[in-house]
Amino acid sequence: GEAWDGALALARRFQAASDDPRADLYAGLALYRTSDPAGAEAAFDRALGQLAPSARARYENLRILLPTGQRDAFDATPDAVADSFWTAADPRQLTEANERLAEHRARVVEADLLFGWTGDELFTLSRPRGAEADQGRLWIRYGRPRRSLRFVLDRGAVQSYAGDNPDTPFGIWDYGDFQIVFDDPERDGQFRRYSPPASAFAGPSASSAQNDDCVMQDERMQRDDPQRTQVVGTLDVPLLVSRFRSAGGGTDVVAAWGVPLDSVRVPVRTGAFALSAGAILARDVEERRQLAAGRRVGGLWAEAGQVTLPSSGEVRGEVDDGRAFGGASEAVAP
């Protein structure tokens, strides 16, 4: 927290002294990391408005986040696919900012800083693009790992494919349900996804080599699970929906959800949202400055709202007290 506050102060001084768009990029990253996604979104918008189209494309190109089977559609109609993707990916409907979009832009800037720009190059025209390195691409898709380890294999203690380079540095990014291993065979600080040598696939260790091949693992994930957000709600919000035929056609949906009393503070905002293909069709939002006892059920305060869907879609109930948030969604057929 304090480190990002210091980074924001430094970015502010850079903004005051220069009209360089990187000042807003750095400010946007620091604002996002200090839990101000709306401020980050504004800073990123200012920066992207000053960038040349080729530079701006690095922040707008969705191919890195899409399953491989959807990338041709993006190439054909990038604006339409991007609008649909970012609307559907927004994890919080009760805020004006699109936290997933701000998170993506912050990751691109962070990847450049971590895996490209170094030392005095930070504020010069020399700009290696760390976002295009192996580690940078993984950082953009999945974000900061839970744990990051670096080590050098001990040939006497660990069997490996190091061959003639037993002192090769290795790194592991642990995301909990999967890990990525990197190696640095050139010892130049440029870690890449680890892949065993070709000879390992021909011998008795072929099956083990396939399991250890992080390039193959990454390619599989790009087909099915190419990206994840780290904007995750912390409130457990139960949801119940009931459907009724609408007098004007479509489906009226009454959504009821619970606000966990031991986890929120007032004022608290709640909302029911009707969505189709990620777009919000209707909303019923309230701000409560007190939670009256009459609606308390066990450890929950019961909230309800009504929205209308013209056809099939999704209904979401959400709770946000400015500090913690949570929500639940349910698919609704006509």
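It should be noted that the structure appears before, not after, this text.
Quick caveat: nothing in here was measured; it's all calculated off a predicted structure.

A. Looking closely at unusual backbone geometry. A cis amide bond links Val-266 to the next residue, Pro-267, at an omega of 0°. If you trace the backbone, Pro-267 turns up in the loop between β6 (251-260) and β7 (268-276). Notably, Ser-35 is not glycine yet its phi reads approximately 65°, a positive angle. Its location among the elements puts Ser-35 in the loop between α2 (21-33) and α3 (37-50). On the basis of relative accessibility, which here comes to 66%, the residue Ser-35 falls in the exposed class.

B. Seen up close, the packing of aromatic side chains. Under the definition given, this model contains 11 aromatic pairs. Ring centres of Tyr-142 and Phe-178 lie 5.1 Å apart, and the angle between their planes is 65°; this geometry places the pair in the edge-to-face category. Placement of Tyr-142 in helix α8 (residues 134-142) and of Phe-178 in the loop between β2 (169-174) and β3 (179-183) is noted, with a sequence separation of 36 residues between them. Residue Tyr-142 is classed as buried on the basis of its relative accessible area of 1%. The class for Phe-178 is buried, based on a relative accessible area of 7%. Between the aromatic rings of Tyr-175 and Phe-178, the centroid separation amounts to 4.8 Å while the plane-to-plane angle is 10°, which identifies the pairing as stacked.

Parameters and conventions
- Residues numbered from 1 in each chain as written.
- Predicted model: local features only at pLDDT ≥ 70, side-chain atom pairs only at ≥ 80, totals over all residues.
- Heavy atoms only, no water.
- Helix = DSSP H or I, 4+ residues; strand = E, 2+ residues; numbered from the N terminus.
- Buried < 20%, exposed > 50% of the residue type's maximum accessible area, 1.4 Å probe, protein only.
- Phe/Tyr/Trp six-rings, centres within 6.5 Å; stacked < 30°, edge-to-face > 60°.

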